[in-house]
There are 2 protein chains.
Amino acid sequence: MDLDLRKLRYFSAVAEHRHFGRAAQALFIAQPVLSRQIRAFEQELGCALFVRSTRSVELTPAGRQLHEEARRIATVVDTALGRVREAARGEQRLVVAFSPGLHVSEAIRAFTARHPEVAIDVLPMRWWERDTPLRDGRAQVGYLRCPFDEAGLRTVPIGEETKLACLPATHPLAGRESLVLADLDGERMLDARTHHMSSLEVKFELIASGQGVSLVPKSVAASYSRPDLVYLPVTDLPPVPNRLAAPQDEATGLVADFLDLATEVLRQA
Amino acid sequence: MDLDLRKLRYFSAVAEHRHFGRAAQALFIAQPVLSRQIRAFEQELGCALFVRSTRSVELTPAGRQLHEEARRIATVVDTALGRVREAARGEQRLVVAFSPGLHVSEAIRAFTARHPEVAIDVLPMRWWERDTPLRDGRAQVGYLRCPFDEAGLRTVPIGEETKLACLPATHPLAGRESLVLADLDGERMLDARTHHMSSLEVKFELIASGQGVSLVPKSVAASYSRPDLVYLPVTDLPPVPNRLAAPQDEATGLVADFLDLATEVLRQA
DNA sequence: CGCGTTGATACCGTGCGGGCATGGATCTGG
DNA sequence: CCAGATCCATGCCCGCACGGTATCAACGCG
């Protein structure tokens, strides 16, 4: 976090113009200033960003990487500022997170019908995330797969579901009708936060390419059917419950209202 | 992007300590400095972040929002710096993007077998994205659904697939066997980048809750089956081709190797 | 009502960002 | 092959913003 966004802007300008003079012109500063700032930036980072001659300016590998990251940082910062100003204007927003496979549409429909003035965001969680979006404020309500840390959260049970073993279709066990957990001894389980697995799609790609196996909830298995994957029931694996959760200190009536409507919708279904 | 990360750090410290003196202590600066910086920050943003009395410091709604955004910004910035240093150390990385429903596992397995020293990232694209990840450098190779702008890209055809209409199960047309495009006249099509649709899951949630309909490729429909959605063939809609693409100026042998291996894998299948 | 606590204000010094002038290297045209 | 143009780097100066110390003002508590 010890990064100077001004220097990053300067860097981006040079990276795009590939020319110190024109970049300086675009930034409305003098060219020598830019030279010095870029050099200082390189020293802070501890690596060169450009290879310069008097006739050309090219990016190093680190420079190319930073150029991409700069774009990402810019969008995150800009949307952040937008959200803050939105909040300052008093606009209300409710973010509903859900674990993969759980569906929230009915509750949202009921909620928007009652509170048309509230903007609703739906946040699809990563498969390895549990209660973190509620903890760090990214969401106010969550449809979560158990287990997760319920301390400080108000939760409501919303049914349970079994888990299936997910194997590549070429796996020796793929022909079986069902498994017991012991059958998976020695397999690489892709369950913890290994690699940089960002999404379920990536996880399934890894399984399909033979880099491991996994246990996935039934609803997820139903949604992600692929010819190169097989799902097998595991007879000695108890079903996992799902829960609707919200931080206890969310005193805003909106969250309470959402929980009420959601439980009512569930009772009807 | 006109944001001072130093001031943001200061803000986060006060927000967490809810106390200017102790926050200043944690930041190793004097308390009056902190008071002034926060006040200046509030003026830059144009809104109050704290309600202060001599006995308590509380966050305003805008302050709460900024507190969350600050966390997100911090993680983005930190991972960005890590990636840059990684690139500076000369570590190689190949990012393979793919449109929803397209599978890349075989090609990756073949590639890692030949280049075990190269780290591979798999980037699941958003459903409305086409060639942008290749343009802005987020990926070096892409399995893309047509149409996209092929200028400056080297592309290889990888088959084609039909698209299906996706409707909520409660829709009047849901009982039909098939549709023609004219049947969907007057329906709200969730195809452009409307709303803040960040993912397919969100799109399906919107369709299920009756806010519109959409046309989705067959492989996507096969992967995301839900009881509250129906998929119908559209008889007068031609199939869309898919293509493997890479920027022409990616002269690194890695990308060329990946394309060769991928096309070979496809020929075998 | 006096005292401790806590945030805000006043004032001052220093360092960093910015400007201008100029140097040194490289390419180009005659 | 040399003169000029181009372009990044360096040297030097200035102003302002950031940080520090001293102090004030408001509030709570015994």
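Reading guide: rules and limits
- Residues numbered from 1 in each chain as written.
- Chains lettered and ligands numbered in written order.
- Predicted model: local features only at pLDDT ≥ 70, side-chain atom pairs only at ≥ 80, totals over all residues.
- Heavy atoms only, no water.
- UniProt positions renumbered as here; feature names shortened; annotations may be inferred.
- Helix = DSSP H or I, 4+ residues; strand = E, 2+ residues; numbered from the N terminus.
- Near = heavy atom within 4 Å.
- Polar contact = N/O pair within 3.5 Å; in protein donor to acceptor, adjacent residues only side chain to side chain.
- Nonpolar A, V, L, I, M, F, W, Y, C, P; charged D, E, K, R; others polar.
- Contact = heavy atoms within 4.5 Å.
- Buried area = accessible area lost by both parts, 1.4 Å probe.
- Salt bridge = Lys/Arg side-chain N within 4 Å of Asp/Glu carboxyl O.
- Pairing = 2+ DSSP bridges.
- Axes fitted to C-alpha atoms, helices over the stretch in contact; angles between N-to-C directions.
- Patch = residues over 30% accessible without salt bridge, like charges linked within 9 Å, V, L, I, M, F, W, Y side chains within 5 Å.
- Areas by Shrake-Rupley, 256 points an atom, 1.4 Å probe, with all protein chains shown as cover.
- Lys, Arg positive; Asp, Glu negative; His and termini not counted.
- Charge placed at Lys NZ, Arg CZ, Asp CG, Glu CD.
- Buried < 20%, exposed > 50% of the residue type's maximum accessible area, 1.4 Å probe, protein only.
- Least-squares fit on C-alpha atoms with pLDDT ≥ 70 in both.
- Phe/Tyr/Trp six-rings, centres within 6.5 Å; stacked < 30°, edge-to-face > 60°.

Trainee: Please provide a residue-by-residue account of the UniProt feature "domain: HTH lysR-type" (unreviewed entry) in chain A, values included.
Mentor: Look at the UniProt record and you will see "domain: HTH lysR-type" (unreviewed entry) annotated at residues 3–60 of chain A. With 62% helix and 10% strand, residues 3–60 of chain A has its two end C-alpha atoms placed 19 Å apart.

Trainee: Talk me through the protein's contact with DNA strand D; I want residue IDs and the actual numbers.
Mentor: Neighbouring DNA strand D are 24 residues; A:Pro32, A:Ser35, A:Arg52, B:Tyr10 and B:Ala30 lie closest to it. Measuring from a sugar or linking oxygen of DNA strand D, one finds a side-chain N or O atom of A:His19 at 3.4 Å. Taking B:Ala30, its main chain carries an N or O atom lying 2.8 Å from a phosphate oxygen of DNA strand D. Mapped onto the surface near DNA strand D, the elements with two or more residues apiece are α2 (20–27) and α3 (31–45) of chain A together with α1 (5–17) and α3 (31–45) of chain B. In terms of residue class, the surface near DNA strand D is built from nine nonpolar, eight polar and seven charged.

Trainee: Lay out the interface of chain B and chain A in plain terms, naming residues and giving numbers.
Mentor: With 54 residues of chain B at the contact, the number on the chain A side is 54 residues. Both sides together, the interface formed by chain B and chain A hides about 5,200 Å², and carbon and sulfur atoms give 62% of it. When the buried area of chain B at its contact with chain A is split by residue, B:Met1, B:Val84 and B:Glu205 rank highest and sum to 14% of it. Notably, a salt bridge pairs B:Arg83 with A:Glu69, separated by 3.3 Å at the nearest N-O pair. Applying the counting criterion to the chain B and chain A interface returns eight residue pairs in polar contact (both at pLDDT 80 or more). Among the secondary structure elements, those contributing two or more residues to the side of chain B that touches chain A are α1, α4 (61–88), α5 (105–114), β4 (119–124), α7 (200–208) and α8 (218–223) of chain B. With 20 residues, α4(B) is the largest single contributor of residues to the side of chain B that touches chain A.

Trainee: Give a detailed account of the sheet that holds strand β9 (residues 229–233) of chain B, specifying residues and quantitative values.
Mentor: Residues and elements named next belong to chain B. With antiparallel pairing, three strands are arranged side by side in an open sheet as β8-β7-β9. Two strands in the sheet have a free side with no partner beyond their single neighbour: β8 (214–217) and β9. The average undirected angle you get between the axes of adjacent strands in this sheet is 40°.

Trainee: Describe the protein's contact with DNA strand C, listing the residues and the values that go with them.
Mentor: Surveying the vicinity of DNA strand C reveals 24 residues, the closest of which are A:Ala30, A:Arg36, B:Pro32, B:Ser35 and B:Arg52. Counting only atoms of DNA strand C within 4 Å of the protein, the fraction found in sugar and phosphate groups is 69%. Here a phosphate oxygen of DNA strand C and a side-chain polar atom of B:His19 are 3.4 Å apart. Between DNA strand C and B:Gln31, the relevant distance is 3.1 Å, taken from a base nitrogen to a side-chain nitrogen or oxygen of the residue. Secondary structure elements with two or more residues in the surface near DNA strand C: α1 (5–17) and α3 of chain A together with α2 (20–27), α3 and β1 (50–53) of chain B. Residues belonging to the surface near DNA strand C are distributed by class as follows: nine nonpolar, eight polar and seven charged.

Trainee: Any chance you could break down a positive patch on the surface for me, citing the residues and the numbers?
Mentor: On the surface, a cluster of positive charge is contributed by A:Arg6, A:Arg9, B:Arg6 and B:Arg9. Those elements that place two or more of their residues in the positive patch are α1 of chain A together with α1 of chain B. Along the polypeptide, A:Arg9 turns up in helix α1. Judged by relative accessible area, A:Arg9 falls into the partly exposed class, the value being 32%.

Trainee: Describe the relation of the copies chain B and chain A, and please don't skip the residues or the numbers.
Mentor: Superposition of chain B onto chain A requires a rotation of 179° combined with a translation of 0.2 Å along the rotation axis, giving an RMSD of 0.4 Å. One copy is carried onto the other by what is essentially a two-fold rotation axis.

Trainee: Before we move on, could you go through the packing of aromatic side chains and cite the residues and values that matter?
Mentor: Residue and element names in this part refer to chain A. Tallying each qualifying case throughout the model produces ten aromatic pairs over all chains. Ring geometry for phenylalanine 111 and phenylalanine 258: centres 5.4 Å apart, planes at 55°, overall tilted. Of this pair, phenylalanine 111 sits in helix α5 (residues 105–114) while phenylalanine 258 sits in helix α9 (residues 253–268), placing them 147 residues apart in sequence. Neither residue differs from the other here; phenylalanine 111 and phenylalanine 258 are each classed as buried. Here the aromatic rings of phenylalanine 204 and tyrosine 231 are separated by 6.4 Å at their centres, their planes lie at 85°, and the arrangement is edge-to-face. With phenylalanine 204 in helix α7 (residues 200–208) and tyrosine 231 in strand β9 (residues 229–233), this residue pair connects regions lying 27 residues apart in the sequence.

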